[in-house]
Amino acid sequence: MSTTQPIRDKKSLQSFRNFYRDRKEHLRNYTIIVMGLNTALRINDILHLTYDMVYQNHKVRSHIVVKERKTGKENRILLNSETRHLLAKYRKELIKTTMYQEGNPYLFPSPKKSGAPLSRYQAYRMITAAAKALNLGEHISCHSLRKTFGYHAWKRFFLMFG
């Protein structure tokens, strides 16, 4: 039985984070990975973010408020400067897309289904393709983004207070 794992090694994490920026340029995929690694949101919550949740008056919000789809809890999440800068860049590309212009409200709209977000399966394929290309092992999946955030936050905590 395979169990999803975090990316523990910092060099591997950096390579994974930047895979869709440096090796196989794809801004949407890069943005999804950075959002997952920097917010600890579940992939379903990331995919269901809407334009209005992230942008106000054409600018990236400093915080986003997300009602988690799995638990129903409402979270207010600070977007760090790296994430805000990337989301500002992503917005410039998003507003040019047909999906956005046709009124799809999602930050990561489905290219195939009108008015729907990108599918979890598509996100899974994107994440596992990067992990496979970087030889990170077979236990990297969408949930690895959340687990990686938690692992590195835990490590920083114990370095500071351990």
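Conventions and cut-offs
- Residues numbered from 1 in each chain as written.
- Predicted model: local features only at pLDDT ≥ 70, side-chain atom pairs only at ≥ 80, totals over all residues.
- Heavy atoms only, no water.
- Helix = DSSP H or I, 4+ residues; strand = E, 2+ residues; numbered from the N terminus.
- Rg over C-alpha atoms; globule rule 2.2 N^0.38 Å.
- Buried < 20%, exposed > 50% of the residue type's maximum accessible area, 1.4 Å probe, protein only.
- Core = buried A, V, L, I, M, F, W, Y, C linked by side-chain atoms within 4.5 Å.
- Contact = heavy atoms within 4.5 Å.
- Salt bridge = Lys/Arg side-chain N within 4 Å of Asp/Glu carboxyl O.
- Phe/Tyr/Trp six-rings, centres within 6.5 Å; stacked < 30°, edge-to-face > 60°.
- Expected span 1.5 Å × (residues − 1).
- Pairing = 2+ DSSP bridges.

So, the overall build of the protein chain
Now for step 1: Scanning the protein chain for helices and strands turns up nine helices and four strands.
Now for step 2: Listed by position from the N terminus, the elements making up the protein chain come as α-α-α-α-α-β-β-β-β-α-α-α-α.
Now for step 3: Whereas a compact globule of 162 residues would reach a radius of gyration of roughly 15 Å, the protein chain reaches 16 Å, a difference of no more than 12%.
Now for step 4: Its C-alpha atoms put the protein chain at 50 × 35 × 30 Å along the principal axes.
Now for step 5: For the protein chain, with 162 residues in total, the buried portion stands at 41%.

A word on the nonpolar core
Now for step 1: One finds Phe16, Ile43, Ile64, Leu107, Phe108 and Ile127 to be the most contacted residues of the largest nonpolar core, which totals 40 residues.
Now for step 2: Counting residues per element, this core draws most heavily on helix α3 (residues 27-39), which supplies six residues.
Now for step 3: With near-sequence residues (within four places) excluded, leucine 107 lies in contact with Leu49, Thr50, Tyr51, Val54, Tyr55, Leu87, Tyr90 and Leu94.

Considering the pattern of salt bridges
Now for step 1: Taken as a whole and assessed by the stated rule, the structure comprises four salt bridges.
Now for step 2: The residue glutamate 68 makes a salt bridge to arginine 42 at a minimum N-O spacing of 2.8 Å. Taken together, the positions of glutamate 68 in the loop between β3 (63-67) and β4 (74-78) and arginine 42 in the loop between α3 and α4 (43-47) put the pair 26 residues apart, joining distant regions of the chain. One exposure class covers both glutamate 68 and arginine 42, and it is buried.

Quick notes on the packing of aromatic side chains
Now for step 1: Under the definition given, this model contains six aromatic pairs.
Now for step 2: Residues tyrosine 51 and tyrosine 55 carry aromatic rings whose centres are separated by 4.7 Å and whose planes lie at 35 degrees to one another, so their mutual orientation is tilted.
Now for step 3: We classify tyrosine 51 as buried; its relative accessible area is 10%.
Now for step 4: Note on tyrosine 151 and tryptophan 154: the rings are 6.2 Å apart at their centroids and 40 degrees apart in plane angle, and the pair reads as tilted. Taken together, the residues tyrosine 151 and tryptophan 154, both in helix α9 (residues 142-161) and three residues apart, mark about one turn of the helix.
Now for step 5: We classify tryptophan 154 as partly exposed; its relative accessible area is 48%.

Concerning α3
For an α-helix, the turn length of 3.6 residues means that residues three or four places apart are oriented alike.
Now for step 1: Between its first and last C-alpha atoms α3 spans 18 Å; for 13 residues at 1.5 Å apiece the expected length is 18 Å, and the two agree.
Now for step 2: Summarising burial for α3: 12 of the 13 residues are buried, a large majority.
Now for step 3: Those residues of α3 that fall on the buried side of the exposure criterion are Arg28, Asn29, Tyr30, Thr31, Ile32, Ile33, Val34, Met35, Gly36, Leu37, Asn38 and Thr39.
Now for step 4: Downstream of α3 by a residue or two, alanine 40 has a phi angle that is positive, lying close to 65 degrees.

So, the pairing of β4
Now for step 1: Taken together, the five bridges between β3 and β4 define a ladder with antiparallel strand orientation. Looking at the pairing, valine 66 lines up with asparagine 75 of β4.
Now for step 2: Hairpin connection, β3 to β4: the antiparallel pair is bridged by six residues, and glycine 72 has positive phi, about 80 degrees.

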